[in-house]
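# Structure at a glance
What follows is each chain in one-letter form.
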Amino acid sequence: MDIGERLAQGTVVVMDGGTGTEIQRRGGRMDDAVWCGSAHMEDPDLVRGIHEDYIRAGAEIVIANTFATTKSVLDSAGRGGEFADSNRRAVELAVQARDATAHRPVWVAGSLSAMLPLDDLDATDPRRGTEAAHREQAEILAAAGVDLLIAEMMLDLAGAAPLMRAAAGVGLPLWVGFSASRAADGRLTGFQTPGGYLGKPAGDFDALVPQVLALGGSLAGVMHSEVGVTGPALEALARHWDGPTLAYAETGYFTRPYWQFEESASPDEYAEAAAGWVADHGAQVVGGCCGTGPDHVRALAERLA
């Protein structure tokens, strides 16, 4: 049975928690430019062990550590020569963890993003990755053995469009993760920091979602968003999407290059919120993003069993 068939049955599937922040929590090096994107090359046992712990905790999907291994980010850091090997290695470690640990079906996802180098967040749009570069990464991930691709943290159309066009042509299921924030006036926007995103105010969430989904996707969801914003964002998503949905919230906040582990939800509180995303908004895939760990996933698996 593939993941699409599993979702067609209407069951809830548990995804893993944050990979990059768990690498930091366990002492892995966070890079000023590529964040956690070099960790699986420098300490493969650490990253493999994180995937294994998520599977033991109940995760049925683990995401390879490829969010920050885009060509533009690695090129900016002078590590462009590692691009293919880094992406392949990240998938290999996730597959090895599954093969060594899982006693039930577990799927490996390849993460794609429009991430900017953390040391140059004012980069212009072309630095965020061309369609050809995204296609190359997606094809490497597919050849390495991922079961699906996730377009993570879709923030605006300029970053999403080339990524979506590239990934949609690879032939794997493509899941789309939107990131939302709450503006001072109460509106839902795309993800933003206090200074805005790339020096610009974040756009309207309701306007962004249909523009991106017009480019493809077999599942859509809310990722990399605060716990309290995730439910309203799922409600907004439902106005434009009637397929399977995903909820993958974060706890804490980011101060480059480190995550600040100030929990907005304990594992039990997170599981309670997730039960609401399932009951009230029909979320079928539920996991945790930055700041969450195996304890959050274990609580999710127990609550949603």
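Check the entry above for the structure.
Because the structure is predicted, anything quoted here is derived from the model rather than measured.

Generally, phi is negative for residues other than glycine and the peptide bonds are trans, each holding for most cases. Its identity as a non-glycine residue notwithstanding, Trp-35 has a phi of 55°, on the positive side. Its location among the elements puts Trp-35 in the loop between α2 (20–25) and α3 (39–42). The phi dihedral of His-224 is positive, around 55°, even though this residue is not glycine. Here His-224 lies in strand β8 (residues 219–226).

It is worth spelling out the packing of helix α8 (residues 157–168) against helix α9 (residues 205–213) at this point. For the pair α8 and α9, the least separation of the axes is 10 Å and the interaxial angle reads 20°. By the criterion of interaxial angle, the relationship of α8 to α9 is roughly parallel. Note that α8 runs across α9; the crossing there is right-handed. The segment α8 lies against α9, with Leu-157, Ala-160 and Met-164 engaging Leu-208, Gln-211 and Val-212. For the contact of α8 with α9, the residue count by class is five nonpolar, one polar and no charged.

Inspection of every chain in the model, using the stated rule, returns 20 salt bridges. Where Asp-99 meets Arg-98, a salt bridge forms, and the shortest distance between an N and an O atom there is 3.7 Å. For Asp-99, a relative accessible area of 58% corresponds to the exposed category. The class of Arg-98 is buried, set by a relative accessible area of 18%. Its salt-bridge partner being Asp-185, residue Arg-187 comes within 2.9 Å of it at the nearest N-O pair. Using a relative accessible area of 39% as the deciding quantity, one classes Arg-187 as partly exposed. Residue classification places Asp-185 among the exposed residues on the basis of a relative accessible area of 55%.

Turning our eyes to something else, we now look at the sheet that holds strand β9 (residues 245–250). With respect to topology, eight strands assemble into an open sheet ordered β1-β12-β9-β8-β5-β4-β3-β2, the strand pairing being parallel. Only two strands of the sheet have a single partner each, and these edge strands are β1 (13–14) and β2 (61–63). Sheet topology places strand β3 (residues 107–112) next to strand β4 (residues 148–154); four bridges connect them, and they run parallel. Looking at the pairing, Leu-112 lines up with Ala-151 of β4. Each of β3 and β4 is contacted by helix α7 (residues 131–144), which is oriented at about 165° to β3, the strand it contacts most.

Moving on: the nonpolar core. One finds Met-15, Ile-61, Trp-175, Phe-178, Trp-277 and Val-285 to be the most contacted residues of the largest nonpolar core, which totals 101 residues. It is helix α6 (residues 83–101) that provides the largest number of residues to this core, a total of seven residues.

Here we come to α8. In an α-helix, one turn spans 3.6 residues; hence positions three or four apart end up facing the same way. For α8, with 12 residues, the first-to-last C-alpha span of 15 Å sits near the 16 Å given by 1.5 Å per residue. Turning to α8, its buried residues are Gly-159, Ala-160, Ala-161, Pro-162, Leu-163, Met-164, Ala-166 and Ala-167. Buried residues in α8 make contact with β3, α7, β4, β5 (174–178) and α9.

Attention now moves to the pairing of β5. Where burial is concerned, most of β5 is hidden: five out of the five residues are buried. Residues Leu-174, Val-176 and Phe-178 line one face of β5 and the alternating positions Trp-175 and Gly-177 line the opposite face, and both faces are buried. Alignment of β4 against β5, held across four bridges, turns out to be parallel. By the bridge assignment for β5, Ala-151 is matched with Val-176. Relative to β8, β5 runs parallel, the two sharing four bridges.

Another point: a negative patch on the surface. A cluster of acidic residues, Glu-263, Asp-268, Glu-269 and Glu-302, forms a negative patch at the surface. Inspection of the secondary structure puts Glu-269 in helix α11 (residues 267–281). According to the relative accessible area criterion, Glu-269 is partly exposed, its value standing at 49%.

This structure, assessed with the given rule, holds four aromatic pairs. Centre to centre, the rings of Trp-35 and Phe-254 are 6.0 Å apart; their planes meet at 80°, and the pair counts as edge-to-face. In this pair, Trp-35 is assigned in the loop between α2 and α3 and Phe-254 in strand β10 (residues 253–255), connecting sequence segments 219 residues apart. We classify Phe-254 as partly exposed; its relative accessible area is 34%. Seen from their ring centres, Tyr-270 and Trp-277 are 5.6 Å apart, and the 85° between their planes marks the pair as edge-to-face. The pair Tyr-270 / Trp-277 is uniform in exposure class, with both members buried. Ring pairs connect the aromatic residues Trp-35, Phe-254 and Trp-259, which therefore count as one cluster.

Reading guide: rules and limits
- In this numbering scheme, every chain counts its residues from 1 along its sequence in written order.
- Only residues with pLDDT of at least 70 are given local features in this predicted model, and only at 80 or more are side-chain atom pairs given and counted; all residues enter the totals for whole chains, interfaces and linings.
- Computation of side-chain values covers all heavy atoms of the structure but excludes hydrogens and water.
- Runs of E in the DSSP output that reach at least two residues are strands. Runs of H or I that reach at least four are helices, and both are numbered from the N terminus.
- Lines fitted to the C-alpha atoms define the axes, with helices restricted to the stretch that makes contact. Angles between their N-to-C directions range from 0 to 180 degrees.
- Roughly parallel means an angle under 35 degrees; roughly antiparallel means over 145; roughly perpendicular covers 65 to 115; every other angle is labelled oblique.
- If you view the pair so one helix is near and one far, a crossing is left-handed when the near helix is turned anticlockwise from the far one by less than a right angle, and right-handed when it is turned clockwise.
- The criterion used for residue contact is that any of the two residues' heavy atoms lie within 4.5 Å.
- The classification used treats Ala, Val, Leu, Ile, Met, Phe, Trp, Tyr, Cys and Pro as nonpolar, Asp, Glu, Lys and Arg as charged, and all other residues, Gly among them, as polar.
- Salt bridge criterion: a side-chain nitrogen from Lys or Arg within 4 Å of a carboxyl oxygen from Asp or Glu.
- Working definition: with a 1.4 Å probe on protein chains only, accessible area under 20% of the residue-type maximum means buried, over 50% means exposed, and in between means partly exposed.
- Pairing between strands is defined by DSSP: at least two bridges between them are needed.
- For our purposes a nonpolar core is just a set of buried Ala, Val, Leu, Ile, Met, Phe, Trp, Tyr and Cys residues, chained together by side-chain atoms within 4.5 Å.
- Each residue after the first adds 1.5 Å to the expected span of a helix.
- A patch is a set of surface residues, each over 30% in relative accessible area and not in a salt bridge, joined within 9 Å for like charges and within 5 Å for the nonpolar side chains Val, Leu, Ile, Met, Phe, Trp and Tyr.
- In short, Shrake-Rupley with a 1.4 Å probe defines the accessible areas, and a residue's cover is counted only from the protein chains shown.
- In summary, the charge assignment counts Lys and Arg as positive and Asp and Glu as negative, without counting His or the chain termini.
- Charge positions are represented by NZ for Lys, CZ for Arg, CG for Asp and CD for Glu.
- Classification of ring pairs uses Phe, Tyr and Trp, with its six-membered ring standing for Trp, and accepts pairs whose centres are within 6.5 Å; under 30 degrees between planes counts as stacked, over 60 as edge-to-face, and the remaining range as tilted.

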